[in-house]
Amino acid sequence: MKYYIKRISNVSQFIQISLHIHCEQNERVKLQLATWRPGRYEIANFAKNIRSFEIKINGGKIPHKKISKDCWVFESTAENEYEICYEFYCAKMDAGSCWSDDEMLYLNFSNFIFEIQGREKEDIEIEIDYPNNYKVATALPLISGNNWKADGYQHAMDSPWVAGKHVSHQSYTVGGSKFHLWWIGDIHFSSLDVLKVFQEFTKKMIEDFQDFPASDYHFINILLPYKHYHGVEHRFSTVITIGPAIDLAKKELLDELIGVSSHELYHFWNVCRIRPKEILEYDLSKEVLLDSGYILEGITTYMGDYYLLKSGYFSLSDYLKILEKQIQKESDNLGWRNETIVDSSCNLWLDGYTAGIPEDKVNIYNRGALISFCLDTSLKKAGSGLHVIMKKLWEDFGKSGKGYQLKDFINIVQHHSEESYRLINQLLYEKVDLIPILKKYLAETGIQLEEHFDKNALLHVFGIRIDENKQIKQVHPDSAAYYSFMAGDELLMKNGEKISKGECLELSPGDVFKVKRYGRKIDVFIEKEHRQFFPRMSLSVAEQKTIKNTKN
């Protein structure tokens, strides 16, 4: 089968697609479009971006039927080549979508090609019409000219493709593998220095896994002129979208780029090859319940930063700043009272990537990274480490292509340390405040975690968090304010005086606020509190042994 892809108008953001497929007489052809994509466990409904769908033979149209929101069926009346024609709207710029404009054509085939029932393993050829002055970045094998070939649906949908006017290329080699750095957009940093950083964290990961079963790997970096941050893993590549490009000249955003790159490379093993049984081969037609989000994303988030420390890119100070931010997010999120990380993993399909209702879930990336820190520290006391556990998971499940279950990971941990086994069971399956546990394991590595309460009385004394527009975003459920103030309330006046934007409010029990609540203006009292809320977290090095323990 072969796809032909072209653009009648670059800036309309529609691409025109024609799939040519040979069918036997009376063959029932089922064309299933993905409803989600790898790396994002939420329903995307890509079919909403399709229009002008029709099926032809010898230039004439034949009937077809839609049997679900993203599945089409037709019957072949004779043995012949059939043509499925449609348009797809490429107007979402992130690391997992599609984009078309006057400077770039960017395609994630998972968004718009079909999985054809019974023919999933057939080779797929893709011919793409693009301007002569464009340069292409993809891990998909090139046949010739503007033709690429995939070994079946799973390979095609997992191989993003980008072509543009402003594309630069670098490469480095580790072991017998070549790593490609593609830069799409304007470069405002030393690409040679960045290449060396990539080479070093790549070396450290491969040293620990002692294996990299690919001859080539592609980092496809789309550098945008506006603020953006996203990355998606694939078997032989990753796409990273980041901006504003000009700010990559500064360490803060460059750290973000290098951090997400390390994260996505770790996915080469963990997710792309070490997979839960439920997604050993992706079925993108429906959601797949996963309880292993901690392994998929929590461990990867921790390990991405760990290898930047281990390779020397992050100083200890850099690493502690990242850890401090993660701890602050964890402290501010009270979702652990209502869901474990396993619960939140299973509920990814509901609202795992949005704010959701208050205190309803934990962040599997952020909390998962902190759980991994605790587990790694515990394992190192037993002469092991999380990198050892993951290498074992690779050897037992990744190399063989055998899907694991969460219990398999836990059993490997138990084999290395009983303390670590008890710890991971507690942190995965119990609704537990992670901060006291973090304090314990941080102290064991020579790092002190402290809580501070500054002059922000509204936040710390009364448990009310507001945004820059004086609108309430969060109310601590243990505060008296929880029974008087409502998320969404806009603070207008205090004791009859107008509250200026950005004013640091001085509060005391008995103060009366005038608030705007969904069109109504009402008076609300501040009640006296006997405790403090939402501490500001800080880390400091208590003992020099931190460096040794963290870098093991």
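Residues numbered from 1 in each chain as written. Predicted model: local features only at pLDDT ≥ 70, side-chain atom pairs only at ≥ 80, totals over all residues. Heavy atoms only, no water.

1. Side note on the UniProt feature "domain: Peptidase M61 N-terminal" (unreviewed entry) in the chain
So, step 1. Feature annotation in UniProt assigns "domain: Peptidase M61 N-terminal" (unreviewed entry) to the following positions: residues 8-165.
So, step 2. In residues 8-165, the share of helix is 3% and the share of strand is 47%. The end C-alpha atoms are 18 Å apart. (UniProt positions renumbered as here; feature names shortened; annotations may be inferred. Helix = DSSP H or I, 4+ residues; strand = E, 2+ residues; numbered from the N terminus.)

2. Some words on the environment of Val-512
So, step 1. By the element assignment, Val-512 lies in strand E27 (residues 512-517).
So, step 2. When sequence neighbours within four positions are dropped, the list of residues in contact with Val-512 reads Met-493, Lys-494, Asn-495, Asp-523, Val-524 and Phe-525. (Contact = heavy atoms within 4.5 Å.)

3. Considering unusual backbone geometry
So, step 1. Of the consecutive residues Gly-243 and Pro-244, the connecting peptide bond is found in the cis state with omega at 5°.
So, step 2. Following the sequence through the fold, Pro-244 ends up in the loop between strand E21 (237-243) and helix H3 (251-266).
So, step 3. Unlike most non-glycine residues, Asn-45 shows phi in positive territory, near 50°.
So, step 4. For Asn-45, the location among the structural elements is in the loop between strand E3 (28-33) and strand E4 (50-57).
So, step 5. Positioned with a positive phi, Ser-52 is a non-glycine residue whose angle comes to about 55°.
So, step 6. Of note, Ser-52 is situated in strand E4.
So, step 7. Note on Ser-52: relative accessible area 48%, which makes it partly exposed. (Buried < 20%, exposed > 50% of the residue type's maximum accessible area, 1.4 Å probe, protein only.)

4. Considering the domain arrangement of the chain
So, step 1. Per the domain assignment, the segments of the chain are domain 1 (2-164), domain 2 (166-264), domain 3 (270-449) and domain 4 (457-526).
So, step 2. Using C-alpha coordinates to define each centre, domain 1 is positioned 52 Å away from domain 4. (Domains from an automatic or database assignment.)

5. Quick look at helix H5 (residues 316-332)
So, step 1. Taking 1.5 Å as the rise per residue, H5 with 17 residues should run 24 Å; its terminal C-alpha atoms sit 24 Å apart, in good agreement.
So, step 2. Buried within H5 are the following residues: Leu-316, Asp-318, Tyr-319, Leu-320, Leu-323, Gln-326, Ile-327, Gln-328, Glu-330, Ser-331 and Asp-332. (Expected span 1.5 Å × (residues − 1).)

6. Let's talk about the side chain of Glu-339
So, step 1. Along the polypeptide, Glu-339 turns up in the loop between H5 and helix H6 (341-346).
So, step 2. Although Glu-339 is buried, it forms no salt bridge, and the closest oppositely charged side chain is Lys-361 at an N-O distance of 7.3 Å.
So, step 3. A distance of 2.8 Å separates the side chain of Glu-339 from the side chain of Asn-347, its partner in a polar contact. (Lys, Arg positive; Asp, Glu negative; His and termini not counted. Salt bridge = Lys/Arg side-chain N within 4 Å of Asp/Glu carboxyl O. Polar contact = N/O pair within 3.5 Å; in protein donor to acceptor, adjacent residues only side chain to side chain.)

7. What to know about the pairing of strand E25 (residues 490-494)
So, step 1. Note that E25 and E27 share four bridges and pair antiparallel. Directly across from Lys-494, in E27, lies its bridge partner Phe-513.
So, step 2. With two bridges joining them, E25 and strand E26 (residues 497-498) adopt antiparallel strand pairing. Of the residues in E26, the one forming a bridge with Lys-494 is Glu-497.
So, step 3. Linking two consecutive strands that pair antiparallel, namely E25 and E26, is a turn of two residues; a positive phi of about 50° is found at Asn-495 within it. (Pairing = 2+ DSSP bridges.)

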